[in-house]
Amino acid sequence: MLANPLQPHHCPPTRYQWKPNGYVIGYLAAHDISQHRRWDLIDESRYGDQDDTVRPRIILIWVADAYRRQRVGATLMQTLADDFGCQVAHVSWSSPISDAGRRLARRLSPDGIWGG
């Protein structure tokens, strides 16, 4: 089950954790920001057109190794997008992106991602 976002007393990262049976198996932290560039993950071309739309940007996404490829990361991403009111493909990613993060991004946004 996904926990509600925890709101710190002053800074706005939004945080989600997936914690079945008392153990955290997935975690996502994000904040809203308005500076993004398009990034094509297929040809690895770095940053295309700039966009100033306010959208959530992932600061960190982590899934326990034993739970990878079981839609934990995708579910965390979908929850973030739903709470923000956008599509998963409109979520922005911060750099650097790990190999596992790139695989998740390619699966969720095959036409490229927003990054910065």
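Residues numbered from 1 in each chain as written. Predicted model: local features only at pLDDT ≥ 70, side-chain atom pairs only at ≥ 80, totals over all residues. Heavy atoms only, no water.

Draft legend 1. Region of interest: the sheet that holds strand β5 (residues 55-63). Reading across the sheet, the seven strands line up as β1-β2-β5-β6-β7-β3-β4 and stay open at both edges, with mixed pairing between neighbours. Two strands in the sheet have a free side with no partner beyond their single neighbour: β1 (14-18) and β4 (50-51). Two elements, β5 and strand β6 (residues 92-93), share two bridges in a ladder whose sense is parallel. When the bridges of β6 are listed, Ile58 appears paired with Trp93. Packing of helix α1 (residues 72-84) onto the sheet brings it into contact with β1, β2 (26-33), β5 and β6, and relative to β5 it is tilted by some 155°. (Pairing = 2+ DSSP bridges. Helix = DSSP H or I, 4+ residues; strand = E, 2+ residues; numbered from the N terminus. Contact = heavy atoms within 4.5 Å. Axes fitted to C-alpha atoms, helices over the stretch in contact; angles between N-to-C directions.)

Draft legend 2. Examining unusual backbone geometry more closely. Residue Pro96 is reached from Ser95 by a cis peptide bond, and omega for that bond is -5°. Topologically, Pro96 is positioned in the loop between β6 and α2 (99-108). Phi angles above zero are rare outside glycine, and Asn21 is one such case at about 55°. Position of Asn21 relative to the elements: it lies in the loop between β1 and β2.

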